[in-house]
Amino acid sequence: MNRILQFIKNWTLPCAMALGAGIYLLFHFTPALKPLSDWYAPYNSSILPDFMFLILFVTFCKVDFKKLLPVKWHFWIGLQQVVFVLALVGIILAFNIHGNALIMLEAILVCIIGPCAAAAAVVTAKLGGNLEEMTTYTFISNFISAVLIPLSFPLLPQTNEAAAHIEFFSLFWKILWQVSVVLLMPMLLAYFTKHYLKRFHQWLINIHDLSYYMWGGSLIVVTGTTAMHITEAWSQTSIFFLLSIAAMGLILCIIQFATGRFIGHYFDATIEAGQSLGQKNTAFAIWVAVAFLDPLSSVGPGCYILWQNIINSIEIWIFRKKGLEKAS
């Protein structure tokens, strides 16, 4: 039993993803469970924001709010995201790409244009990175995405009519509102708790790895939802094409983590910059793909969830073996 618990502790993220996919497949292939599935379905879309709110609240309780300021590496990582997006959109337009090739590039695009994951701060804390710098860039990254999406999506060959009618300011404010709810509200609550509920605050931050295990719980929900999208995609295209999207997601994930770490080493921020560019808000990217692009492109960020969390797990395992892992 101790070995099993230690294995789950060492590989929390892959175990959470395997559990999420397993639960979905169990319900999908077991007709007797359909009533329970139908009862839960309306709550699925709201449970993840609740998870993220609590995870970020716990994480932000450890933030020194006086240090939430932009630094040099923020500019270069943000510029890298913009350059990647412009280059990809330029390739699509220059070569007039359509069909499966367009879906493939759209799948890659949403994995690039998506903002830094709010939970990236949790991994950064585990790896001993600067929590304040990571938190600041999360806000910057969401603002960049809020500008890039309504600017670039209407230029693409239309695979979804909604993309042709994107109104810049309406979508811009919609994204910023989501950012405010997901990021700003837990930050304000954490600030209040830290300064006015000091006894509760001290008790909360002393719970070892609370935000990390809560994040593992959220991954169960995210992975189950992703498995649902991929299962639905099987009926629309070939398995080979889906595997091709998954493989491209892996290559892109490695490139983004590696590029971020390369930029970060010039500013003594290898961990922070790597997580900022590599770890994406895939739930947001899936929503963007389904809402404005070909729904099949959502398989890209769906698979990206798997790859980024395998990389995160390996990083945490390496730091644990070296005795460098921190509590989150």
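Quick caveat, the model's predicted, so the values are computed rather than measured. (Residues numbered from 1 in each chain as written. Predicted model: local features only at pLDDT ≥ 70, side-chain atom pairs only at ≥ 80, totals over all residues. Heavy atoms only, no water.)

Asks: Describe the overall build of the protein, naming the residues involved and giving the relevant values.
Replies: Within the protein, the secondary structure is distributed over 15 helices and zero strands. Its C-alpha atoms give the protein a radius of gyration of 20 Å, near enough to 20 Å, the size a compact globule of 328 residues would have. Overall, the C-alpha framework of the protein stretches about 55 × 55 × 35 Å when taken along its three principal axes. Across the 328 residues that make up the protein, the buried fraction comes to 50%. Contacts spanning at least 24 positions in sequence make up 83% of the contacts within the protein whose residues lie at least 6 apart. Total accessible area computed for the protein in this model is approximately 15900 Å², and 71% of it derives from carbon and sulfur atoms. Side chains of the protein give 18 positive and 15 negative charges; the mean places of these two sets differ by 14 Å. (Helix = DSSP H or I, 4+ residues; strand = E, 2+ residues; numbered from the N terminus. Rg over C-alpha atoms; globule rule 2.2 N^0.38 Å. Buried < 20%, exposed > 50% of the residue type's maximum accessible area, 1.4 Å probe, protein only. Contact = heavy atoms within 4.5 Å. Areas by Shrake-Rupley, 256 points an atom, 1.4 Å probe, with all protein chains shown as cover. Lys, Arg positive; Asp, Glu negative; His and termini not counted. Charge placed at Lys NZ, Arg CZ, Asp CG, Glu CD.)

Asks: Describe the packing of helix α12 (residues 239-264) against helix α15 (residues 299-321), listing the residues and the values that go with them.
Replies: Close contact between α12 and α15 brings their axes to 8 Å; oriented N to C, the two are set at 45°. Between α12 and α15, the angle falls in the class oblique. As α12 packs across α15, the resulting crossing turns out to be right-handed. For the pair α12 and α15, the contacting residues are L242, I245, A246, G249, L250, L252, C253, I254, Q256, F257 and R261 in the first and V299, G300, C303, Y304, W307, Q308, I311, N312 and E315 in the second. The class makeup of the residues in the contact of α12 with α15 is 13 nonpolar, five polar and two charged. (Axes fitted to C-alpha atoms, helices over the stretch in contact; angles between N-to-C directions. Parallel < 35°, antiparallel > 145°, perpendicular 65-115°, else oblique. Left-handed = near helix turned anticlockwise from the far one by under 90°. Nonpolar A, V, L, I, M, F, W, Y, C, P; charged D, E, K, R; others polar.)

Asks: Describe the packing of aromatic side chains, with residues and values.
Replies: Aromatic ring pairs: the centre-centre distance and the angle between the two ring planes describe each pair. Evaluated as defined, the whole model comprises eight aromatic pairs. Judged by centre distance (5.7 Å) and plane angle (35°), the ring pair of W73 and Y137 falls under tilted. Within this pair, whereas W73 is found in helix α4 (residues 72-94), its partner Y137 is found in helix α7 (residues 131-152), the two being separated by 64 residues in sequence. One exposure class covers both W73 and Y137, and it is buried. Across the ring face of Y212, the terminal group of K126 is positioned such that the distance to the ring centre comes to 4.5 Å. (Phe/Tyr/Trp six-rings, centres within 6.5 Å; stacked < 30°, edge-to-face > 60°. Lys NZ or Arg CZ within 6 Å of the ring centre and 35° of its normal.)

Asks: Let's hear about the pattern of salt bridges: which residues, and what values?
Replies: Between side chains of opposite charge, a pair can form as their charged atoms come close. Taken as a whole and assessed by the stated rule, the structure comprises two salt bridges. When the shortest N-O distance is used, the salt bridge between K34 and D38 registers 2.9 Å. Of this pair, K34 and D38 both sit in helix α3 (residues 34-60), separated by four residues, roughly a single helical turn. D38 sits in the partly exposed class, given a relative accessible area of 44%. Its salt-bridge partner being E315, residue R261 comes within 3.3 Å of it at the nearest N-O pair. Here E315 lies in helix α15 and R261 lies in helix α12, a separation of 54 residues in the sequence. (Salt bridge = Lys/Arg side-chain N within 4 Å of Asp/Glu carboxyl O.)

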